[in-house]
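Residue-level structural notes
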Amino acid sequence: MKMESNQNQKFYEMLKEFDTAMLVTRLTDRLCARPMAIAKLEENCNISFLTSEFTEMVKEIEANPIVQVTCQRDHGSYLALSGMAKTSQDHAEIAKVWKPSYEVWFPKGINDPELCLISVTSTQGEYWDNRGVNKIKYLFNAVKAFATGSKPNISEGNQHGEVRL
């Protein structure tokens, strides 16, 4: 249980480093991924985004609320989380996450009647961490694997982990 708690904390700490994520929704016959600014991140890894209520993405979420959120930074940090999304036009909630930089997408500002909050309740996640010392470990293991014709040894819980959120 302690290992899981440490991995959940590691997942959250890694997720905090991202300001943009790919939000993946499902159409009937395919998946659709879109880059989204992270409007809010909670310690339990629930995550929120802002969009217009008239987007295809909102229709997709209303038809099938199961979503995937992915993040990647260079070749060192990767995250994926799955969860259930819901949409809301509750302007009190939208006001809590509003940032002036969002006016690029919503020129009418916080009172834009089309503003829609997408809230994802995270259920599980997975991370791959090749930052800092982990990068050195990975490179060493990759060279060793190449030289011996084997696969690199990945440190579970440190370089890679799966978490229930």
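Please refer to the structure placed before this passage.
Summary of the structure given here. These figures come from a predicted structure and were not determined experimentally.

1. A few points about the side chain of Glu60
Within the secondary structure, Glu60 sits in helix α2 (residues 56–63). In contact with Glu60, other than residues within four places in its own chain, are Thr25, Arg26, Leu27, Cys32 and Arg34.

2. Brief notes about the environment of Asp90
Along the chain, the position of Asp90 falls in the loop between β6 (77–88) and α3 (91–97). Considering only alpha carbons, one finds Asp90 and Leu117, 27 residues apart in sequence, at a separation of 7.7 Å.

3. A few points about the pairing of β6
Where strand β5 (residues 66–73) and β6 come together, eight bridges link them in antiparallel fashion. The partner of Val67 across the bridge, within β6, is Gly83. What sits between the antiparallel neighbours β5 and β6 is a turn of three residues, in which Asp74 has the positive phi angle 50°. Two elements, β6 and strand β7 (residues 115–129), share twelve bridges in a ladder whose sense is antiparallel. Of the residues in β7, the one forming a bridge with Thr87 is Ile118.

4. Considerations on the pattern of salt bridges
On inspection of all chains with the given rule, the structure shows seven salt bridges. Here Glu42 makes a salt bridge to Lys40, at a shortest N to O gap of 3.7 Å. Given a relative accessible area of 29%, Glu42 falls into the partly exposed group. Its relative accessible area of 31% is what places Lys40 among the partly exposed residues.

Basis of the calculations
Residues numbered from 1 in each chain as written. Predicted model: local features only at pLDDT ≥ 70, side-chain atom pairs only at ≥ 80, totals over all residues. Heavy atoms only, no water. Helix = DSSP H or I, 4+ residues; strand = E, 2+ residues; numbered from the N terminus. Contact = heavy atoms within 4.5 Å. Pairing = 2+ DSSP bridges. Salt bridge = Lys/Arg side-chain N within 4 Å of Asp/Glu carboxyl O. Buried < 20%, exposed > 50% of the residue type's maximum accessible area, 1.4 Å probe, protein only.

No statement about biological role is implied by the geometric values presented.
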